[in-house]
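What follows is each chain in one-letter form.
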Amino acid sequence: MKVLVIKLSALGDFVLALAAMARIRQAHPEAQITLLTTPGFAKLAAACPYVDQVDTGGRPEGLKAWLALRKRLRAGRFDRVYDLQTSAHSSRIFQVLRPRPPAWSGIAWGCALPHRNRARDAMHTLERQADQLKEAGAWPDAPTAPGAAPPPDVSWIWRGAAMPDPATAARPLALLVPGGSAHRLDKRWPAEHFAEVAERLGAAGFDVVIIGGPQEADLAKAIRAKAPAARDLTGRTDLAGLAVWGARAAIAVGNDTGPMHLIAAAGAPSVVLFSAASDPALAAPRGKVAVLQTTDMAQLQIDEVWRRAKLLQPVLAQA
């Protein structure tokens, strides 16, 4: 049997979809599974035990690229497709495979295994995808009540690697994720607030590490101006590295952004800060997670973030 899984973006959604990918693998243990995604996830996807092959051409631009994608997918002779993107774009992929598309699980008009739940858009990603797989017969006993679906397991990222024992570390590790989309600055908590948290964490004996992309180096610089002991790792960690840091961390504080999803999935007790631009009921990380949401990120109080961090990490409450 040959199976195609579609998951294109974004990082947080990709991390959450790993839970569904694990169930697809469990439902089709002998199948050859191909993941259709985008180049940013190539390295992570290549290491993923839930898929056998990776095609990073999931967002073709122009007629030539679309025709090439259609040719590849037809040549793949897939028996079943699980569309975990369930967008207009991924539904368009179904349409270009007519007149004889594979058995398709998703929301594309005319597909053989449609997700008919009219409440799907009001469900958290984990329950929504569990329900989709349930309807497709891939997960007959899928838990679909709010909060019931399990979070993704990303331990395969560091499986076999030598992981330091947090209990023997000189100082517990704290991660700060102050960045996010450059086009959605309203989703960021002010850098000076992160700096105050960094100061408090340092005073409590934590090794504070700032995580982000290279474009967020200025945020790290602003934080370190007030908390110079904090370490700047912006631009120095790939996706696998983020998961490893998350597995080691005693606490993480960050904005609603992809790296926080990966860090939380790796097991770090995490305080995740949401603006009004996103609904945590639909896409918040799961695990040891405290969600704080506000209509104005600048007005979110440092003391409230610190209180949530102490509830997640008892060592802070004793500091």
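None of the values given here were measured: they were computed from a predicted structure.

Participant: Is there a simple way to explain the packing of helix H3 (residues 63-76) against helix H4 (residues 88-96) in this structure?
Facilitator: Packed helices, taken two at a time, are described by their axes: the angle between them and the distance between them. Interhelical geometry of H3 versus H4 gives an angle of 65 degrees and a closest axis separation of 10 Å. When the axis of H3 is compared with that of H4, the two are roughly perpendicular. As H3 runs across H4, the sense of the crossing is right-handed. Residues Trp66, Leu69, Arg70, Leu73 and Arg74 of H3 touch H4, and the partners they reach there are His89, Arg92, Ile93 and Val96. Classifying every residue of the contact of H3 with H4 by side-chain character gives five nonpolar, one polar and three charged.

Participant: Just to check I follow, could you spell out the pattern of salt bridges for this structure?
Facilitator: Pairs can form between side chains of opposite charge once their charged atoms are near each other. For the structure on display, the rule yields 16 salt bridges. For arginine 286, the salt bridge is made with glutamate 127, and the minimal N-O distance between the two is 2.8 Å. With a gap of 159 residues between them, arginine 286 in the loop between helix H10 (280-283) and strand S12 (289-293) and glutamate 127 in helix H5 (residues 125-135) connect regions that are remote in the sequence. A salt bridge links glutamate 199 to lysine 226, with the shortest nitrogen-to-oxygen separation between them at 3.9 Å. Highlighted residues: glutamate 199 in helix H6 (residues 191-203) and lysine 226 in helix H7 (residues 217-226), separated in sequence by 27 residues.

Participant: Is there a simple way to explain H7 in this structure?
Facilitator: Three- or four-residue spacings in an α-helix give side chains the same orientation, since the helix completes a turn every 3.6 residues. Burial in H7 covers these residues: Leu219, Ala220 and Ile223. Viewed end-on, H7 has its buried residues packed into an arc of 100 degrees, placing them on one side of the element. Residues of H7 that are exposed and point more than 90 degrees away from the buried face comprise Asp218, Lys221 and Ala225. Looking at the packing, one finds that the buried side of H7 touches H6, strand S8 (207-210) and strand S9 (231-232).

Participant: Mind showing me how you'd approach the pairing of strand S10 (residues 251-255) here?
Facilitator: Where a strand is regular, its side chains alternate between the two sheet faces. Most of S10 sits out of view: five of its five residues are buried. Here strand S7 (residues 173-177) runs beside S10; their pairing, made up of four bridges, is parallel. Bridge pairing links leucine 175 to alanine 252 in S10. Handedness of the crossover joining S10 and strand S11 (residues 270-274) through helix H9 (residues 258-265) is recorded here as right-handed.

Participant: I would appreciate a short explanation of the side chain of lysine 187 in the present structure.
Facilitator: Secondary-structure assignment places lysine 187 in the loop between S7 and H6. Taking the relative accessible area as the measure of exposure, lysine 187 reaches 19% and is therefore buried. A distance of 3.5 Å separates a polar atom in the side chain of lysine 187 from a polar atom in the side chain of aspartate 256. Beyond its immediate chain neighbours, meaning those up to four positions away, lysine 187 contacts Asn255, Asp256, Ser275, Ala277, Ser278 and Met297.

Participant: What am I meant to see in the packing of helix H8 (residues 239-248) against H9 here?
Facilitator: H9 packs onto H8 with a crossing angle of 50 degrees between their chain directions and a minimal axis gap of 7 Å. Relative to H9, the element H8 is oriented oblique. Taken as a pair, H8 and H9 cross one another with a handedness that is right-handed. Mapping the contact onto sequence places Leu239, Leu242, Ala243 and Gly246 in H8 and Pro259, Leu262 and Ile263 in H9. Split by residue class, the contact of H8 with H9 holds six nonpolar, one polar and no charged.

Participant: Please explain helix H11 (residues 302-312) as it appears in this structure.
Facilitator: Burial in H11 covers these residues: Ile302, Val305, Trp306 and Ala309. Angular distribution of buried residues about the axis of H11 spans 100 degrees; they occupy a single face of the element. In H11, the exposed positions that point more than 90 degrees away from the buried face belong to Asp303 and Leu311. Where H11 is buried, its residues meet H6, S10, S11, S12 and helix H12 (314-318).

Participant: Where do I start with the sheet that holds S8 in this structure?
Facilitator: Think of a sheet as strands paired side by side through backbone hydrogen bonds, with each pair either parallel or antiparallel. Across the sheet, which stays open at both edges, the six strands sit in the order S9-S8-S7-S10-S11-S12 with parallel pairing between neighbours. One side of each edge strand has no neighbouring strand; the edge strands of this open sheet are S9 and S12. Where H6 meets the sheet, its contacts fall on S7, S8, S10 and S11, and the angle it forms with S7 comes to roughly 180 degrees. Each of S7, S8 and S9 is contacted by H8, which is oriented at about 135 degrees to S7, the strand it contacts most.

What counts as what
- Residues numbered from 1 in each chain as written.
- Predicted model: local features only at pLDDT ≥ 70, side-chain atom pairs only at ≥ 80, totals over all residues.
- Heavy atoms only, no water.
- Axes fitted to C-alpha atoms, helices over the stretch in contact; angles between N-to-C directions.
- Helix = DSSP H or I, 4+ residues; strand = E, 2+ residues; numbered from the N terminus.
- Parallel < 35°, antiparallel > 145°, perpendicular 65-115°, else oblique.
- Left-handed = near helix turned anticlockwise from the far one by under 90°.
- Contact = heavy atoms within 4.5 Å.
- Nonpolar A, V, L, I, M, F, W, Y, C, P; charged D, E, K, R; others polar.
- Salt bridge = Lys/Arg side-chain N within 4 Å of Asp/Glu carboxyl O.
- Buried < 20%, exposed > 50% of the residue type's maximum accessible area, 1.4 Å probe, protein only.
- Arc of directions from axis to C-beta.
- Pairing = 2+ DSSP bridges.
- Right-handed = clockwise from strand over helix to strand, strands pointing away.
- Polar contact = N/O pair within 3.5 Å; in protein donor to acceptor, adjacent residues only side chain to side chain.

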